[in-house]
Amino acid sequence: MILNTTHSDKEHKSLIEDLVGRSFTLFEAIRLKGIGSKRMIIGDVSPNMKSYLNKIADINYANIELRKNGILIFINKGLQNFTWAIPYYQLVMYKTNGISIHAQGKFIHFKNTKTFKENKPFFQKMLDEKIKSDEHYNFQFA
């Protein structure tokens, strides 16, 4: 689900919390050594997400925040902000000349730049949180 979060809205906040959970507390964020990525350059997006990017030749940026049950991808388009909420059970990541995140019939590809390389520990942390979430719902069949 992608929401326009340029202005704060209680309804959007409750929708996001229902989908990906509450934000980590300060102590949890310190224990995890941070819950947000650095700003990364968007290389490509799926056709159904083109409207959330700058139409002219500007560089498009996004960053990611970890939540208890998913992630939030913040996309900046001029003076507007959009938030894509992805629960861990829908999250799929591919390592291709950068990284590609897929969910809900959409994808976003981040370019392999200096900031992407600085975010490698963050992506490992995100993968660890996804694995923890998947283990919570892992059923054993005999």
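Residues numbered from 1 in each chain as written. Predicted model: local features only at pLDDT ≥ 70, side-chain atom pairs only at ≥ 80, totals over all residues. Heavy atoms only, no water.

1. Examining the overall build of the chain
On a plain count of helices and strands, the chain comes out with 4 helices and 8 strands. In terms of overall size, the chain behaves like a compact globule, its C-alpha atoms giving a radius of gyration of 15 Å where 142 residues would be expected to give roughly 14 Å. Judged by the C-alpha coordinates and their principal axes, the chain covers about 55 × 35 × 35 Å. Counting across all 142 residues of the chain, residues that qualify as buried make up 40%. If you take every contact in the chain between residues at least 6 apart in sequence, the share linking residues at least 24 apart comes to 54%. (Helix = DSSP H or I, 4+ residues; strand = E, 2+ residues; numbered from the N terminus. Rg over C-alpha atoms; globule rule 2.2 N^0.38 Å. Buried < 20%, exposed > 50% of the residue type's maximum accessible area, 1.4 Å probe, protein only. Contact = heavy atoms within 4.5 Å.)

2. Focus on the sheet that holds strand E6 (residues 92-94)
The pairing of strands in a sheet happens through backbone hydrogen bonds and is either parallel or antiparallel. One open sheet holds the 8 strands; their spatial order is E1-E5-E4-E3-E2-E8-E7-E6, and the pairing between them is antiparallel. Both outer strands of the open sheet, strand E1 (2-4) and E6, are each paired with one neighbouring strand and no more. The mean inter-strand angle of the sheet, taken between neighbouring strand axes irrespective of direction, is 35°. Looking at chain direction, E1 and strand E5 (residues 80-87) are connected through 3 bridges and run antiparallel. The residue bridging Asn4 from the neighbouring strand is Phe82, located in E5. Most of the contacts of helix H1 (residues 10-20) go to E5, to which it runs at about 25°, and overall it touches E1, strand E4 (70-77) and E5. Packed on one face of the sheet, helix H4 (residues 120-136) meets strand E2 (40-45), strand E3 (61-66), E4, E6 and strand E7 (98-103) and runs near 45° to E3. (Pairing = 2+ DSSP bridges. Axes fitted to C-alpha atoms, helices over the stretch in contact; angles between N-to-C directions.)

3. Regarding the nonpolar core
A general tendency of soluble globular proteins is for nonpolar side chains to be buried together. Judged by nonpolar contacts, the single largest core of 30 residues is most densely connected at Ile64, Ile73, Ile101, Ile108 and Phe110. Residues Ile16, Val20, Leu72 and Ala85 belong to the second largest nonpolar core, which totals 5 residues. (Core = buried A, V, L, I, M, F, W, Y, C linked by side-chain atoms within 4.5 Å.)

4. Quick notes on H1
Along H1, the positions that sit buried rather than exposed are His12, Ile16 and Val20. Burial along H1 is one-sided: seen end-on, the buried residues are contained in an arc of 35°. Across from the buried face of H1, at angles greater than 90 degrees, the exposed residues are Lys10, Glu11 and Asp18. If you follow the buried residues of H1, they end up packed against E1, E4 and E5. Put simply, Asp9 is the residue that caps the front of H1, since its side-chain oxygen is 3.2 Å from the backbone nitrogen of Glu11. Among the residues trailing H1, Gly21 stands out with phi positive, at a value near 90°. (Arc of directions from axis to C-beta. Polar contact = N/O pair within 3.5 Å; in protein donor to acceptor, adjacent residues only side chain to side chain.)

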